[in-house]
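Each chain, letter by letter, is given below.
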Number of protein chains: 2
Amino acid sequence: MSSYSVAILGATGAVGTQMLECLDERDFPVGELRLLASARSAGRKIDYRGEDIVIREATPEAFEGIDIVLGAAGDATAKALLPEAVKRGATVVDNSHAFRLDPDVPLVIPEINGGDVARHHGLIANPNCATIIGLMPVWPLHEIAGLTRLIVSTYQAASGAGAPGLDELMRQSAIVAAGDTVDDPQVFQHQLAMNLIPQIGGFGENGYTSEEMKMQNEGRKIMHLPELRVNCTCVRVPVMRSHSESITCEFERPISPDEARAALAGASGVKVEDDPANSRYPMPLETSDQDLVFVGRIRQDISAPDPSRALALWSCGDQIRKGAATNAVQIAELLVK
Amino acid sequence: MSSYSVAILGATGAVGTQMLECLDERDFPVGELRLLASARSAGRKIDYRGEDIVIREATPEAFEGIDIVLGAAGDATAKALLPEAVKRGATVVDNSHAFRLDPDVPLVIPEINGGDVARHHGLIANPNCATIIGLMPVWPLHEIAGLTRLIVSTYQAASGAGAPGLDELMRQSAIVAAGDTVDDPQVFQHQLAMNLIPQIGGFGENGYTSEEMKMQNEGRKIMHLPELRVNCTCVRVPVMRSHSESITCEFERPISPDEARAALAGASGVKVEDDPANSRYPMPLETSDQDLVFVGRIRQDISAPDPSRALALWSCGDQIRKGAATNAVQIAELLVK
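Residues numbered from 1 in each chain as written. Chains lettered and ligands numbered in written order. Predicted model: local features only at pLDDT ≥ 70, side-chain atom pairs only at ≥ 80, totals over all residues.

The helix and strand inventory of chain A stands at nine helices and 14 strands. By the compact-globule yardstick of 20 Å for 337 residues, chain A fits well, its C-alpha radius of gyration being 20 Å. Of all intrachain contacts in chain A linking residues separated by at least 6 positions in sequence, the fraction that spans at least 24 positions is 66%. (Helix = DSSP H or I, 4+ residues; strand = E, 2+ residues; numbered from the N terminus. Rg over C-alpha atoms; globule rule 2.2 N^0.38 Å. Contact = placed C-beta atoms within 7 Å.)

So this is what it looks like as C-alpha cells:
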C-alpha cells in the first residue's frame, strides 16, 4: 500500500492535535509527517506513533513535497498559506471558513456528498462544526422526504473557540465554584461559566451572526439544495466539547418519527439514542470524544401546518472530532482511495 | 388602606422564599403573615420586616382566617390543601401545575390577561416559568400581527428544580472544577455541570415532555388562542436561575423587526436589550434577580415561507422571580386592587 506525505497546518491547536490523533486511530497511510505552526511553536516536539516530530514554522516552502495538507489554522493563515501548498502540488483539506463558499472548492461531509471530492482543484473545504452536527441526522431524512426548511437552535461547546476556549471555561468554572468573581473574559465576549452567550461570530445586517448564516449557506452547498431556507440561532453554552442542536425540519413529503428512526439507524456516522422512557437521549457529556453524531428526541413537529411532513429532533456530536478533525481525515481518506 | 392576612404554602422553598421577598419589596399590604411548610420545617423561624415568623405545619386548619394564599408547593400538596383554603374563604394564587388547565381556574400573566382574574372561584393559577418567560415578549407582537405558530427551544436554569437543583449544580460544578468525578445525581436525571439534559418532566405519547406541552396548553389559555400551535424543546442547562428561550414566531400579518422592537420597548414588564453591534443581548447572568423579562436578537425568520410575517428572538428572565414568585404576587395585587 502506498503512503502519503502529510502536513498539518496549525498542528498545536485543539483541532490540529485531534487531526493527528485521528490519523493514528484510523491508520491513515502516513509516510512523511510534517507538523506546521506559527514561529512561536517551531522547535517544539510532538509525538506521533513513538516518534518525536519537530514542529516547523508554517511558510510556503514548508509545503514542498507534501501530498496532503490538513488545514487547522484560522481564516487569515489559511488564505495566506494554503494556495501556496496547492501551487506546490499538495491537495488541501481545510477546516477554516476561508474557502468554504468558493464555487471551485468542494465543501464535503463524506456521508452526504463524498462524491463532490472528485471536483476539487487542489482545495477541499471542511464544513463548520455546527453545520456538520446538524446535517448528519437531517440528510437521511431529506433522502426520504425532501427537506424544505430548517429551524435550528444550537447549544455550542467552549471547544468551538479552540484550546483557549476550553481553558477559559475551566478557569472560570473553578472561580465560580470557589465563590469568587470571574475576571474579564479573554476568549468569549462575556463570562461563559454559569451563563449563555447568544453570539458566535460577528453580526450581519440581517441580524444573524456569521455562524448562524453558515448553517444555511453551507447546508445549501453540501446538500445541493440551493433553495433551502434555514433560521438558525447559535448560542455558546458552558459545556466542554460536544455541540448540541434542537432542530425542526419541514419536508415536501410525509415522514413519521418511526420512519425517521429507521432511516437514521441505518445511516453511516449517526447513532440513534432515543429511549425517552428510560431517560436516554444524546447529551454532550456522553457523546464527547467519539466520532458519531447522536440523535434522539425524534417526534412530529406538532406546530407545523401539516405535522406529518415535519419533525423535531435533538442532535449531539463532538465538535473537535466529527465537527472538525475526523471529518477532515475522512475527506483525506476519500482522496487516497 | 386595608391590609390582608396572607399565607405562603411552601414558604421554605426557593419560590416561597422569593414570594416573601416580593411581598416586602412591592410593599404588599400584609396584615397577618402565616408561613406554612411541611411538619419537618415547622417551628423554624423566618424574618419578615424585622419580625420572626414561626413556620407552621401546613394543615387544612392553618388556612382559617386567611384572605390570600400564595401557593409554592408541589402538585400533590397543592391538590390536597388548597381546596381546603378556598373552602375556608381564602383566595388562592397557586404556582403548581395542579389547577392550571382547569376551565374554572384563571391562568394569569398580569401583563397579558390580568382581566381573567375576575373570573376566579377562589383559585387562580400562576403559569409555568418557561411559559411566562416565553410569552412576555411574544404577546406584544401578537397584539400587532396575530400569532399563529411558535417554535421554542429553551435553555432552562437549575432553579427550575428549586433549592435542591441549585445546590446540586453548585456542588457538581465544584467537583468538576477540582477535576474529580461527579457522584450520582439526586435532583436531575443526569449530571448537569458541563452537560445539557434535554428532558424536563415526564414524556407523553407524542414524544414531548410535560414541560414542553405546557408552552402550548398554557399559552393557548393565557392568550385566548385555542388554535395556537407550539413546538417546544425544553433543555436543562448548567446555569443558576435565569431561563433563556430561542423563539421563532409566525404571524397572520406582517411585522418588521423594527416594529417589534418598538412594541416591546413600550410593553410593561419587558426590557429590550438588542444592540448586537456592541454584543448586547439578554444573558442569564445579567438578567437574574430582576423582575423584567429581557428580549433581544430580534430579526426576521429568514426560513419562513413569508419572512415578513415571522420573527426570531431570544428571551431571558429570572425563573424564580417573574417566572414564579413575582408573577404570583402581581396576581395578588390585582386581587386587592
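Let us keep going from here.
The two copies are related by a screw operation: chain A maps onto chain B through 180 degrees of rotation and 0.0 Å of translation along the axis, at an RMSD of 0.0 Å. Viewed as a symmetry operation, the transformation between the two copies matches a two-fold axis. (Least-squares fit on C-alpha atoms with pLDDT ≥ 70 in both.)

Moving on, we get to the domain arrangement of chain A. Residue and element names in this part refer to chain A. Taken domain by domain, chain A consists of domain 1 (4-126 + 324-336) and domain 2 (131-319). Relative to domain 2, the C-alpha centre of domain 1 lies at a distance of 25 Å. With 12 residues of domain 1 in contact, the opposing surface of domain 2 contributes 18 residues. When contributions to the side of domain 1 that touches domain 2 are tallied by element, the ones reaching two or more residues are α3 (110-113) and α9 (321-336). Split into classes, the residues belonging to the side of domain 1 that touches domain 2 amount to six nonpolar, four polar and two charged. (Domains from an automatic or database assignment. Nonpolar A, V, L, I, M, F, W, Y, C, P; charged D, E, K, R; others polar.)

A separate point is helix α7 (residues 257-265) of chain B. Quick reminder: α-helices carry 3.6 residues per turn. Residues three or four places apart thus point the same way. All names here are of chain B. Considered for burial, the residues of α7 that qualify are Ala260, Ala263 and Leu264. One side of α7 holds all its buried residues, which, seen down the axis, span an arc of 95 degrees. Taken together, the buried residues of α7 touch α4 (129-145), β12 (270-272), β13 (293-300) and β14 (310-318). (Buried ≥ 20, exposed ≤ 12 C-beta atoms within 10 Å, placed from the backbone. Arc of directions from axis to C-beta.)

Quick look at helix α5 (residues 162-177) of chain A now. Between the first and last C-alpha of α5 of chain A there are 23 Å, a value that for 16 residues agrees with the 22 Å anticipated at 1.5 Å per step. Looking at α5 of chain A, one finds that the buried residues are Gly162, Gly165, Glu168, Leu169, Gln172, Ser173, Val176 and Ala177 of chain A. When α5 of chain A is viewed along its axis, its buried side chains cluster within an angular range of 155 degrees and face the same direction. Those residues of α5 of chain A that are buried are in contact with α1 (14-25) of chain A together with α5 (162-177) of chain B. Phi turns positive one or two residues past the end of α5 of chain A, at glycine 179 of chain A, with a value near 80 degrees. (Expected span 1.5 Å × (residues − 1).)

Residue and element names in this part refer to chain A. Considering the arrangement of structural elements, one finds leucine 141 in helix α4 (residues 129-145). Sequence spacing of leucine 141 and leucine 70 is 71 residues, and the spatial spacing of their C-alpha atoms is 30 Å. Setting aside residues no more than four positions away along its own chain, leucine 141 makes contact with Leu147, Cys249, Ile255, Ala260, Ala263 and Leu311.

The next thing to look at is the pairing of strand β9 (residues 147-155) of chain A. Residue and element names in this part refer to chain A. Counting buried positions over the nine residues of β9 gives seven, a clear majority of the element. Sheet topology note: the β9/strand β11 (residues 242-251) ladder contains eight bridges and is antiparallel. Bridging across to β11, valine 152 finds its partner in isoleucine 247. In terms of strand pairing, β9 meets strand β10 (residues 229-233) through five bridges, oriented parallel. Across the sheet, serine 153 pairs through a bridge with threonine 233, a residue of β10. (Pairing = 2+ DSSP bridges.)

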